[in-house]
Amino acid sequence: MIVIVSGIVPPEHSGAGKRIFSFYKYLATQGYEVTLVTHTRNKDDSVIVIKMHDTCIFRRFNHLLTFIKSTIQLIAIFSTKKIQNKNMKTAWLVSCGPLTFAAAIVFYILGYRIITQNTLIGSDDPEFKYPCDCMGLKYTLKRLQYHLSDVVTSISPALYNISKHYHSNCVMIPNPVSSKFRVKHRFPNEALNRNNVLFVGKMNHRKGFDIVIRTINLLHKEDPQIRFTFVGCKDDNDKSELLFRILPFINSDKITFVGFQVDPEQWFAEADIFFMPSRREGFGTVFIEAMASGLPVIAKKLDQITDYIFGNDYPTILDTEDPKSYANAIMSLLNNKDLYEKLSKEGIKLVERFDQNKIFQQYINILGDSRKHIVM
């Protein structure tokens, strides 16, 4: 029996969330009896949903209240036998949060083998301390989850190198790319005529959305016909979008917001360049999705992440936040057919090692002798 608990809300809004839900479906096709425990995914009868606690009155204590509520509901789930307590028992906990804290304790008491998978530097890695953490309780519960875990899996060298100092059994398995993004080649002439630059991700400071806006302003000053497409949720707590109203050269007619998309592959297929100068990632699944789609990628250098994905000599991975540098990189790709075609072909080749079937087999190897019932 394997229980996989996703503390990411909602699962499909992040690379880690998409990956774990894909793995859940993959295991079902491989003959495993699979159940997913999560906060909000409720479109599947085999998914167990544990709602988060959200109240304005006690907002500071929401994490604690959600932890208590999750613990009670997990115990209730076992008492009603929605999860069968079989002999081979493993709980795979994705990320760290109130739900996974509760799951670590409950499943440990029930004798489960615990696997924790971390997904983002400066969030669920064992070193990060949360701001406004009342009496350090959330950090303490996170460290307890790591302590109770038999295995820790990390999705990038950056996360692995942090985690290995806090756990003796730590392995690295990168995020996979689905075959639905894969193309054999791209037609540079057609692409260069369209001039469509794509951003996929939450539109906030962490993802470099403010850098993107300033870059658009510089590009539209020179060529107001360059198109930009944004796929993802806007962050209500981020003020980057205010730049749209104060930067003078942005041509809003050439900017399209399509919102969050469960299946974004069509937007990759219609784009010409992928641009996301993110400041912090756990891995960056959108990078390999873009390369699998034949798109050259322009991104900010992230130590032990971008060099792992792209290598050390990918010319449009830039160690800067200067919008002019990114504007120059975009223009060079739009104007240089040979460079465009070279990066397109190299990207398609580079992502072969992230093939979903290869990566999922590594996950299954971690599961070892656990068979037939997996709860995610």
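Residues numbered from 1 in each chain as written. Predicted model: local features only at pLDDT ≥ 70, side-chain atom pairs only at ≥ 80, totals over all residues. Heavy atoms only, no water.

Caption draft 1: Main features of the sheet that holds strand β9 (residues 227-231). In spatial order, the strands read β10-β9-β8-β11-β12-β13; together these six strands make up an open sheet with parallel pairing. At either margin of the open sheet sits one strand with a lone partner, and together these are β10 (255-259) and β13 (317-318). Pairing analysis gives three bridges linking strand β11 (residues 273-276) to strand β12 (residues 297-300), with the strands arranged parallel. When the sheet's bridge partners are listed, Met276 is paired in β12 with Ala299. (Pairing = 2+ DSSP bridges. Helix = DSSP H or I, 4+ residues; strand = E, 2+ residues; numbered from the N terminus.)

Caption draft 2: Structural detail: the pattern of salt bridges. In the structure shown here, the tally under the stated rule is 10 salt bridges. Lys180 is the salt-bridge partner of Glu265, the closest N and O atoms lying 3.8 Å from each other. Here Glu265 is found in helix α9 (residues 265-270), whereas its partner Lys180 is found in the loop between β7 (170-172) and α6 (188-194), with 85 residues between them in sequence. A relative accessible area of 23% means that Glu265 is categorised as partly exposed. Residues Glu352 and Lys349 are paired through a salt bridge, measuring 3.8 Å at the closest nitrogen-oxygen approach. (Salt bridge = Lys/Arg side-chain N within 4 Å of Asp/Glu carboxyl O. Buried < 20%, exposed > 50% of the residue type's maximum accessible area, 1.4 Å probe, protein only.)

Caption draft 3: Structural view of the pairing of strand β5 (residues 113-118). Taken across its six residues, β5 has five buried, putting it largely inside the fold. Note that strand β4 (residues 90-94) and β5 share five bridges and pair parallel. Following the sheet pairing, Leu93 is matched in β5 by Thr116. Taken together, β4, helix α3 (residues 98-109) and β5 form a β-α-β motif whose crossover is right-handed. (Right-handed = clockwise from strand over helix to strand, strands pointing away.)

Caption draft 4: Spatial organisation of the nonpolar core. In this structure, Leu198, Phe230, Phe274, Phe287, Val297, Ile309 and Ile330 are the most contacted members of the largest nonpolar core, which totals 60 residues. Those residues in contact with Phe274 that sit more than four places away from it in its chain are Leu198, Phe199, Val200, Phe268, Val286, Phe287, Ala290, Leu295, Pro296, Val297 and Ile298. Of all hydrophobic cores here, the second largest spans 28 residues; its members include Val3, Val37, Ile48 and Phe67. (Core = buried A, V, L, I, M, F, W, Y, C linked by side-chain atoms within 4.5 Å. Contact = heavy atoms within 4.5 Å.)

Caption draft 5: View of helix α14 (residues 356-367). Helix length check: α14 (12 residues) gives 17 Å between terminal C-alpha atoms against 16 Å at 1.5 Å per residue, within 8%. Within the sequence span of α14, burial applies to Gln356, Ile359, Phe360, Tyr363, Ile364, Ile366 and Leu367. Taken around the axis of α14, the buried residues stretch over an arc of 155 degrees, which confines them to a single face. The N-cap of α14, judged by a side-chain oxygen 3.2 Å from the amide nitrogen of Asn357 a few residues on, is Asp355. (Expected span 1.5 Å × (residues − 1). Arc of directions from axis to C-beta. Polar contact = N/O pair within 3.5 Å; in protein donor to acceptor, adjacent residues only side chain to side chain.)

Caption draft 6: How the structure looks around the side chain of Ser70. Take Ser70: it is sitting in helix α2 (residues 62-79). In contact with Ser70, not counting residues within four places along its chain, are His39, Ile50, Pro98, Leu99 and Ala102.

Caption draft 7: Representation of the pairing of β12 within the structure. Going residue by residue along β12, you find Val297 and Ala299 tucked away on one face and Ile298 and Lys300 tucked away on the opposite face as well. For the crossover from β11 across helix α10 (residues 285-292) to β12, the handedness is right-handed. Across two bridges, the pairing between β12 and β13 is parallel. Counterpart to Lys300 in the pairing with β13 is Leu318.

Caption draft 8: Molecular detail of the packing of aromatic side chains. Applying the stated criterion across every chain, the model contains 21 aromatic pairs. Look at Phe275 and Tyr326: their rings are 5.5 Å apart centre to centre, the planes differ by 35 degrees, and that puts the pair in the tilted class. Here the residue Phe275 occupies a position in strand β11, and Tyr326 occupies one in helix α12 (residues 323-335), the gap between them amounting to 51 residues. According to the relative accessible area criterion, Tyr326 is buried, its value standing at 0%. With 4.9 Å between their ring centres and 50 degrees between their planes, Phe310 and Tyr314 make a pair best called tilted. The same class applies to Phe310 and to Tyr314, which are both buried. Three or more aromatic residues joined by ring pairs make a cluster, and in this case those are Phe181, Phe268, Phe274, Phe287, Phe310 and Tyr314. Note that Lys138 overlies the ring of Tyr130, its terminal NZ or CZ placed 4.1 Å from the centroid. (Phe/Tyr/Trp six-rings, centres within 6.5 Å; stacked < 30°, edge-to-face > 60°. Lys NZ or Arg CZ within 6 Å of the ring centre and 35° of its normal.)

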